[in-house]
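# Examination of the molecular architecture
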Amino acid sequence: MSGVDAFGIALKRGDGAPTEAFVTIGKVTGVNGPEIERETYDVTAHDSVDGWREFIGGLKDAGEVSINLNYDPRVHDDLVADFEDTKPRNYRMVFPNGIGQWDLKLILSGFSQEAPVDDKLSAELKFKVSGKPVIVEGV
């Protein structure tokens, strides 16, 4: 198989209840992230073989998740209200056809809407990933 169709991906927001329910964020047109990366530390010494730099792995960062959507304030007000929260909320990024999902703790870090005269009302929401994202296969 050479690829997977992205149509149908869903970002689901947890409600924070003890038995947490996840509700799909509607009208999403694009999802980006998480952007996993690791710091590296230079451990090169005067006796490094043949003068080649040497590195070890350091702290990991899951970066950001961003979504673009057809913005409707009546549907998306709860997301904008999350900007006031200082604690991460549980989210799930569910891939189509039951191939898997990312379980993520996200903090809403940015919201930008666009209202051009000749196009739809849209918005981009940016989330900072807190902690380790977990990928679950075949959900």
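Just so it is clear, the structure is predicted and the values come from calculations on it, not from any experiment.

Before going further, it helps to spend a moment on the overall build of the protein. A tally of helices and strands in the protein yields one helix and 10 strands. Going residue by residue from the N terminus, the α and β elements of the protein occur as β-β-β-β-β-β-α-β-β-β-β. Taken over the C-alpha trace, the protein has a radius of gyration of 19 Å; the compact-globule value for 139 residues is 14 Å, which it surpasses by more than 25%. Once the C-alpha set of the protein is aligned to its principal axes, its extents read approximately 65 × 40 × 35 Å. Put simply, the protein has 139 residues, and 27% of those count as buried. Counting only contacts in the protein whose residues sit at least 6 apart along the sequence, the fraction spanning at least 24 positions is 60%. Surface summary for the protein: the accessible area is close to 9,500 Å², and the carbon and sulfur share equals 51%. Averaging the locations of the 15 positively and 24 negatively charged side chains of the protein gives two centres separated by 6 Å.

Note: strand β6 (residues 64–70) against strand β9 (residues 122–129), seven bridges, orientation antiparallel. For E64, the partnering residue across the bridge sits in β9 and is K128. Here strand β8 (residues 100–114) pairs with β9 via eight bridges, running antiparallel. Counted as the bridge partner of F111 is L125 from β9.

This next bit is on the nonpolar core. L125 and F127 are the most contacted members of the largest nonpolar core, which has 18 residues in total. Counting residues per element, the ones that place at least two in this core are β6, β7 (89–94), β8 and β9. What L125 contacts, discounting residues up to four positions off in sequence, is V65, S66, I67, L69, L79, L108, G110 and F111.

Moving on, we come to the pattern of salt bridges. Where charged atoms from two side chains of opposite charge approach closely, those side chains can pair. This structure, assessed with the given rule, holds eight salt bridges. With a closest N to O distance of 3.4 Å, R13 and D78 form a salt bridge. One end of the pair, R13, is in strand β1 (residues 10–14); the other, D78, is in helix α1 (residues 73–81), with 65 residues separating them in the sequence. Where salt bridges share partners, they join R13, D78, D82, D85 and R89 into one cluster.

Let us now look at unusual backbone geometry. With omega at 0°, the peptide bond leading from G33 into P34 counts as cis. One can find P34 in the loop between β3 (28–32) and β4 (37–42). In this model, N97 sits at a positive phi of 60°, which is unusual for a non-glycine residue. Position of N97 relative to the elements: it lies in the loop between β7 and β8.

For the rest of this paragraph, the subject is the side chain of D72. Turning to its location among the elements, D72 is positioned in the loop between β6 and α1. Residue classification places D72 among the buried residues on the basis of a relative accessible area of 13%. Within polar-contact distance, the side chain of D72 engages the backbone nitrogen of R74 at 3.0 Å.

Cut-off values and rules
Residues numbered from 1 in each chain as written. Predicted model: local features only at pLDDT ≥ 70, side-chain atom pairs only at ≥ 80, totals over all residues. Heavy atoms only, no water. Helix = DSSP H or I, 4+ residues; strand = E, 2+ residues; numbered from the N terminus. Rg over C-alpha atoms; globule rule 2.2 N^0.38 Å. Buried < 20%, exposed > 50% of the residue type's maximum accessible area, 1.4 Å probe, protein only. Contact = heavy atoms within 4.5 Å. Areas by Shrake-Rupley, 256 points an atom, 1.4 Å probe, with all protein chains shown as cover. Lys, Arg positive; Asp, Glu negative; His and termini not counted. Charge placed at Lys NZ, Arg CZ, Asp CG, Glu CD. Pairing = 2+ DSSP bridges. Core = buried A, V, L, I, M, F, W, Y, C linked by side-chain atoms within 4.5 Å. Salt bridge = Lys/Arg side-chain N within 4 Å of Asp/Glu carboxyl O. Polar contact = N/O pair within 3.5 Å; in protein donor to acceptor, adjacent residues only side chain to side chain.

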